[in-house]
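Residues per chain are reported as follows:
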Amino acid sequence: MRNRDEQGVALLLALLVLTLLVALILEFDAEARREYQEAAAFRDNVKATTLVRAGVQAARAALQLDVQKQKLSGESFDALTDVWATPLTNYPVGDGLLTAQIEDEAGKLNLNDLAALGGDPNAKLAPVKRFKRLFELLQLNPELVDAIVDWMDPDDTPEPSGAETGYYQALRPAYRAANGPLETLADLRLVKGMTDEIVRKLSKYVTVVPVAGGSKVNINTADPIVLQALDPGITQAMAVEIVAGRPYKTPQDTERIASFEPIARVLRGTNVYDVKSAYFAIRMSIAMNDVTKIAEATLRRDESKGESAVEYLRIQ
């Protein structure tokens, strides 16, 4: 009987030891798997970041190639028929999939035009009206434009529906109006009355790039809504007609659109539009296993050399 008891105890001890060993092995295996997954994620993160940066360089090369082709053809214009304008979706790059789009920022209204005008009320009039028309076309309150003007202009005199530093100092937390150009479109969220939804709605039609004497809209790449915002005489039907006649090789070519011809002469005389572009935005993502990297960049292209400088880059 005693031997049986001893054998039973020994068996129980053996089972207990075996259970502990199995538990330790499973815990070790789980920890090893976690460490492997973390290492793989770190590896993929580094590779995806590298590929995103390579994608920006590829975009620079595409824009330079476009200028070289223009020189060979003797024509100088940027249009949505150019190679750089072709989007990529799930394009295999290394171990990842690239989705990318280059956008012509000259196809949008530049908010920083409002800052470049200083305090001259006469100089402000035309661009302010364009932005207010754009807001109306997008079914947004045009009075918001007054607040944007006040955010950027150097004075402390508020527009009729605007707000200067005194308004922002009364907020909690308090801050000051920029009294200068916007650095990114996200800065709009600081302006009185602006919301994330409004900024998202505007993002397709406005840009934020440096200006020197005012920006020109590229009529070859502008959305029909942007075209309508240029002048109150441009109807929706006329904007569609302008788009159908693209690409235009010179600004004068737009005058072949009979309905647009008288307006085109006036707008060209005040340097409102062109057929060339200097600023481009890149939006891309790299998906690699469980890691996705998203990047936004702004490139400024030198028209004579075709080389592009990275003005802004954000990777997340």
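Reading guide: rules and limits
Residues numbered from 1 in each chain as written. Predicted model: local features only at pLDDT ≥ 70, side-chain atom pairs only at ≥ 80, totals over all residues. Heavy atoms only, no water. Phe/Tyr/Trp six-rings, centres within 6.5 Å; stacked < 30°, edge-to-face > 60°. Helix = DSSP H or I, 4+ residues; strand = E, 2+ residues; numbered from the N terminus. Buried < 20%, exposed > 50% of the residue type's maximum accessible area, 1.4 Å probe, protein only. Core = buried A, V, L, I, M, F, W, Y, C linked by side-chain atoms within 4.5 Å. Contact = heavy atoms within 4.5 Å. Polar contact = N/O pair within 3.5 Å; in protein donor to acceptor, adjacent residues only side chain to side chain. Arc of directions from axis to C-beta. Salt bridge = Lys/Arg side-chain N within 4 Å of Asp/Glu carboxyl O. 1 Å grid on protein atoms, 1.4 Å probe; cavity = no way out; pocket = protein on both sides within 12 Å on 5 of 7 lines; lining within 4 Å. Points joined across faces, edges and corners; volume = space filled by probe spheres on them. Nonpolar A, V, L, I, M, F, W, Y, C, P; charged D, E, K, R; others polar. pLDDT = per-residue confidence, 0-100. Pairing = 2+ DSSP bridges. Axes fitted to C-alpha atoms, helices over the stretch in contact; angles between N-to-C directions.

Trainee: Provide a residue-level description of the packing of aromatic side chains, including the pertinent values.
Mentor: How two aromatic rings sit relative to each other is given by the distance of their centres and the angle of their planes. By the definition in use, this model includes six aromatic pairs. Judged by centre distance (5.1 Å) and plane angle (75°), the rings of W84 and F280 are edge-to-face. Taken as a pair, W84 in the loop between helix 1 (2-73) and strand 1 (88-93) and F280 in strand 7 (residues 279-288) lie far apart in primary sequence, 196 residues in all. Per residue, the accessibility class of W84 equals that of F280, and both read buried. Seen in terms of ring centroids, W151 and Y175 are 6.1 Å apart; in terms of plane orientation they differ by 65°. Their pairing is edge-to-face. Of this pair, W151 sits in helix 3 (residues 144-152) while Y175 sits in the loop between helix 4 (165-169) and helix 5 (196-202); the two residues are 24 residues apart in sequence, bridging distant segments of the chain. Put simply, the rings of W151, Y167, Y168 and Y175 pair up and form one aromatic cluster.

Trainee: Describe the nonpolar core, with residues and values.
Mentor: For soluble globular proteins, the rule of thumb is that nonpolar side chains tend to be buried together. Among the nonpolar cores identified, the biggest contains 54 residues, and L134, L188, L202 and F260 are the most heavily contacted of them. Contributing elements (two or more residues each) for this core: helix 2 (121-137), helix 3, helix 5, helix 6 (224-230), helix 7 (236-244) and helix 8 (261-269). Counting residues per element, this core draws most heavily on helix 3, which supplies seven residues. For F260, the residues in contact, after removing those within four places along its chain, are I219, I234, M238, I242, T254, L267 and Y273. Counting residues in hydrophobic clusters, the runner-up holds 20 residues, among them V52, L98, A100 and M284.

Trainee: Tell me about the side chain of K108, and name the residues and values.
Mentor: Here K108 lies in the loop between strand 2 (96-104) and strand 3 (109-110). With relative accessibility at 6%, the residue K108 sits in the buried group. Of the polar contacts made by the side chain of K108, one reaches the side chain of E103; its length is 3.1 Å. Among the polar contacts made by the side chain of K108, one reaches the side chain of E105 at a distance of 2.9 Å. Aside from chain neighbours lying at most four places away, what touches K108 is E103, S203, K204, Y205, V206, T207, V217, V226 and R283.

Trainee: So what's going on with unusual backbone geometry? Residues and values would help.
Mentor: Across the junction of R172 and P173, the peptide omega takes the value 5°, indicating a cis bond. Here P173 is to be found in the loop between helix 4 and helix 5. With a phi close to 60°, Q139 is a non-glycine residue in the positive phi region. Here Q139 is to be found in the loop between helix 2 and helix 3. The phi angle at N289 is positive, at roughly 55°, despite the residue not being glycine. Here N289 falls in the exposed class, since its relative accessible area comes to 60%.

Trainee: Tell me what's going on with helix 8, and back it up with residues and numbers.
Mentor: Listed as buried for helix 8 are I263, A264 and L267. The buried residues of helix 8 occupy an angular sector of 100° when the element is viewed end-on, so they sit on one face. With respect to the buried face of helix 8, the exposed residues turned more than 90 degrees away are V266 and G269. Along its buried surface, helix 8 packs onto helix 6, helix 7 and strand 6 (273-274). Directly after helix 8, the chain includes N271, whose backbone phi takes a positive value near 55°.

Trainee: Go over the pattern of salt bridges, please, and point to the residues and values.
Mentor: Enumeration over the complete set of coordinates arrives at 16 salt bridges. In this structure, the salt-bridge partner of R189 is D196, at a minimum N-O distance of 2.6 Å. R189 sits in the partly exposed class, given a relative accessible area of 38%. One network of salt bridges, with partners in common, ties together E103, E105, K108 and R283.

Trainee: Kindly report on the layout of surface pockets, identifying the contributing residues and their values.
Mentor: Of the voids in this model, the second largest pocket is the one considered here, and its volume is about 600 Å³. For the second largest pocket, the lining is made up of 24 residues, of which T184, L185, R283, E296 and Y312 are closest to its centre. When contributions to the lining of the second largest pocket are tallied by element, the ones reaching two or more residues are helix 5, strand 4 (206-207), strand 7, strand 8 (291-301) and strand 9 (308-315). In terms of residue class, the lining of the second largest pocket is made up of 11 nonpolar, four polar and nine charged.

Trainee: Describe the confidence of the model for the chain, listing the residues and the values that go with them.
Mentor: Looking at the chain, the pLDDT average stands at 87 and 87% of residues meet or exceed 70. Put simply, helix 1 is where the chain has its lowest mean pLDDT, 75, and helix 6 is where it has its highest, 97.

Trainee: So what's going on with the sheet that holds strand 1? Residues and values would help.
Mentor: One open sheet accounts for five strands, arranged 1-2-7-8-9; its pairing is antiparallel. Edge positions in the sheet fall to strand 1 and strand 9, since each of these pairs with one other strand and no more. Averaged over all pairs of adjacent strands, the angle between their axes in this sheet comes to 25°, without regard to strand direction. Pairing between strand 8 and strand 9: seven bridges, direction antiparallel. Bridge pairing in strand 9 links A295 to I315.

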